[in-house]
Amino acid sequence: MAIRSIRKIGDSILEKKCKEIKEMTDKTRDLIQDMFETMYDANGVGLAAPQVGILKQLFVVDIGDGVRYVCINPKIEAVGEEEQCGEEGCLSVPGKEGIVTRPMKIEVKALDQNMQEYTLEASGFLARAFSHENDHLNGILYTEKVEGELEDVVYEELDEEEVI
Ligand code: NI
């Protein structure tokens, strides 16, 4: 396993659409392990493959609910009309945060690390994390969706930030 370098805003790879993963390979297995290691090292709760320079439809999420989510070729849809409005940060946009509106509930259809299909309903912060990571696969950063100003994160608050 290895910690990979995280691409930062301004890097054009973060603006590109990712390609579907057709089959699981040793290389992709290593990538998944490295992405978890890189995410934990950076104190993030989500990381998408383009953030480590790989244009594949893959992201990982761990918000501390006891599950290490691996999402391959995800399809995400809002469930219901309810929305949530809250602060968001991103490992590719260090030191910043902003207010983003996301669906309160979503349905995720994806493949896991064994290329097995699964369906998951997520709400609250988990829905926010999945929505944020899914945007990365479409070349979209949360900075495009921020309402109002992008704010500087105050150093003392850093430990409490949940950076996706
Ligand atoms: Ni992000």
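Residues numbered from 1 in each chain as written. Predicted model: local features only at pLDDT ≥ 70, side-chain atom pairs only at ≥ 80, totals over all residues. Heavy atoms only, no water.

Draft legend 1. Layout of the sheet that holds strand S6 (residues 105–111). Spatially, five strands are ordered S1-S2-S3-S6-S7 in an open sheet, and the strand pairing comes out antiparallel. The open sheet has two free edges, formed respectively by strand S1 (46–48) and strand S7 (117–123), since each of these has just one partner strand. Across this sheet, the average inter-strand angle for adjacent strands is 40°, counted without regard to direction. With three bridges joining them, S1 and strand S2 (residues 58–61) adopt antiparallel strand pairing. Each bridged residue has a counterpart across the sheet, and for Leu47 the counterpart in S2 is Val60. Across the sheet, helix H1 (residues 26–41) lies against S1, S2 and strand S3 (69–78), angled at about 45° from S2, the strand it touches most. Taken strand by strand, helix H2 (residues 124–137) contacts S1, S2, S3, S6 and S7, and its axis lies near 155° from that of S2. (Pairing = 2+ DSSP bridges. Helix = DSSP H or I, 4+ residues; strand = E, 2+ residues; numbered from the N terminus. Axes fitted to C-alpha atoms, helices over the stretch in contact; angles between N-to-C directions. Contact = heavy atoms within 4.5 Å.)

Draft legend 2. Broad picture of H2. Taking 1.5 Å per residue, 14 residues should reach 20 Å; H2 reaches 21 Å between its end C-alpha atoms and fits that length. The element H2 is extensively covered by neighbouring structure, given that 13 of its 14 residues are classed as buried. One or two positions beyond H2, positive phi appears at Gly139, with a value near 75°. (Expected span 1.5 Å × (residues − 1). Buried < 20%, exposed > 50% of the residue type's maximum accessible area, 1.4 Å probe, protein only.)

Draft legend 3. Fine view of the side chain of Asp62. With respect to the helices and strands, Asp62 occurs in the loop between S2 and S3. At 5.7 Å, Arg68 is the nearest oppositely charged side chain to Asp62, a buried residue that forms no salt bridge. Polar side-chain contacts of Asp62 include one of 2.8 Å to the backbone nitrogen of Gly64. If sequence neighbours within four positions are ignored, Asp62 has contacts with Met39, Tyr40, Val45, Val67 and Arg68. (Lys, Arg positive; Asp, Glu negative; His and termini not counted. Salt bridge = Lys/Arg side-chain N within 4 Å of Asp/Glu carboxyl O. Polar contact = N/O pair within 3.5 Å; in protein donor to acceptor, adjacent residues only side chain to side chain.)

Draft legend 4. Just the pairing of S2, in detail. Alternating positions in S2 separate into two faces, Leu58 and Val60 on one and Phe59 and Val61 on the other, with burial throughout. Pairing geometry for S2 and S3, over four bridges, is antiparallel. Across the sheet, residue Leu58 finds its bridge partner in S3, namely Ile72.

Draft legend 5. Just the packing of aromatic side chains, in detail. If you walk through the whole model with that rule in mind, you get three aromatic pairs. Relative to Tyr40, the ring of Phe36 has its centre 6.0 Å away and its plane inclined at 25°; by these criteria the two rings are stacked. With Phe36 and Tyr40 both in helix H1 and four residues apart, this pair spans about one turn of that helix. By relative accessible area, Tyr40 is classed as partly exposed at 33%. Taking the centre distance of 5.3 Å and the plane angle of 70° together, the rings of Tyr69 and Phe130 count as edge-to-face. (Phe/Tyr/Trp six-rings, centres within 6.5 Å; stacked < 30°, edge-to-face > 60°.)

From the geometry alone we can't say anything about function, so treat these as descriptive.
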